[in-house]
Amino acid sequence: MSARGDSVWNICSTNSTRRASQRSLESRYTDDRLDRSLLTSLRRSRRVSLTMRVSWESPSDEPLLWAADAVVGATTWWLDGEPRYFDALADQIRVICLE
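Since we're looking at a predicted model, the values are computed, not measured.

**Side note on the confidence of the model for the chain**
Phase 1: Chain-level statistics for the chain give a pLDDT mean of 85 and a share of 92% at 70 or above.
Phase 2: Ranking the helices and strands of the chain by mean pLDDT puts helix α4 (residues 84-89) first, with 94, and helix α1 (residues 3-17) last, with 73.

**Some points on the packing of aromatic side chains**
Phase 1: All chains considered together, the criterion is met by two aromatic pairs.
Phase 2: With a centroid separation of 5.2 Å and an interplanar angle of 70 degrees, the aromatic rings of W77 and Y85 are classed as edge-to-face.
Phase 3: Residue class for W77 comes out partly exposed when judged on its relative accessible area of 42%.
Phase 4: Residue classification places Y85 among the partly exposed residues on the basis of a relative accessible area of 39%.
Phase 5: Each ring, one from W78 and one from F86, has its centre 4.4 Å from the other, and the planes form 10 degrees; the classification is stacked.
Phase 6: The exposure class assigned to W78 is partly exposed, which follows from its relative accessible area of 36%.

**Some details on helix α2 (residues 32-44)**
Since one α-helical turn is 3.6 residues long, residues separated by three or four positions face the same way.
Phase 1: Compared with an ideal rise of 1.5 Å per residue, which puts 13 residues at 18 Å, α2 spans 18 Å between its outermost C-alpha atoms and is within 8% of the ideal.
Phase 2: Burial in α2 covers these residues: D32, D35, L38, L39 and L42. An end-on view of α2 places all buried positions within 120 degrees of arc, on one side of the element. Looking at α2, the residues exposed on the side facing more than 90 degrees away from the buried face are R33 and R44.

**Observations regarding the pairing of strand β1 (residues 22-26)**
Two faces make up the sheet, and in a regular strand the side chains alternate between them.
Phase 1: Here five bridges tie β1 to strand β2 (residues 53-57), and the two strands are oriented parallel to one another. Across the sheet, the residue bridging to L25 is W56, located in β2.

Thresholds applied
Residues numbered from 1 in each chain as written. Predicted model: local features only at pLDDT ≥ 70, side-chain atom pairs only at ≥ 80, totals over all residues. Heavy atoms only, no water. pLDDT = per-residue confidence, 0-100. Helix = DSSP H or I, 4+ residues; strand = E, 2+ residues; numbered from the N terminus. Phe/Tyr/Trp six-rings, centres within 6.5 Å; stacked < 30°, edge-to-face > 60°. Buried < 20%, exposed > 50% of the residue type's maximum accessible area, 1.4 Å probe, protein only. Expected span 1.5 Å × (residues − 1). Arc of directions from axis to C-beta. Pairing = 2+ DSSP bridges.

Here's what the structure looks like:
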C-alpha cells in the first residue's frame, strides 16, 4: 500500500474504533478515486464503519487541513535535528509509526 493509502487506512480505521461519524481528507483531485477504492475495500472487510462519512476537501475550503502539513513539517525538522517546532506541538500530537 502507498504512504497515502496507509494514511487513509490509519485515519479511517483508528477513528472508526473511536466511533467518529465523519472524516475530511485533503483532496488529491484525480487521485481521490484511489482513496475511495481503498475506503470501499475497508468498509467491505468491516475494518471501517459502513456509516462513517468521509469527504474530500480542498485546503482552500477547509483551512484545518493545513494543520497536517504543519505537523509533518515540524516532525520532519525534528527528525533532521531541529526540534523547536515539534516541541511546541508535542503535547498536542500523537506519533504513529507506520511500517
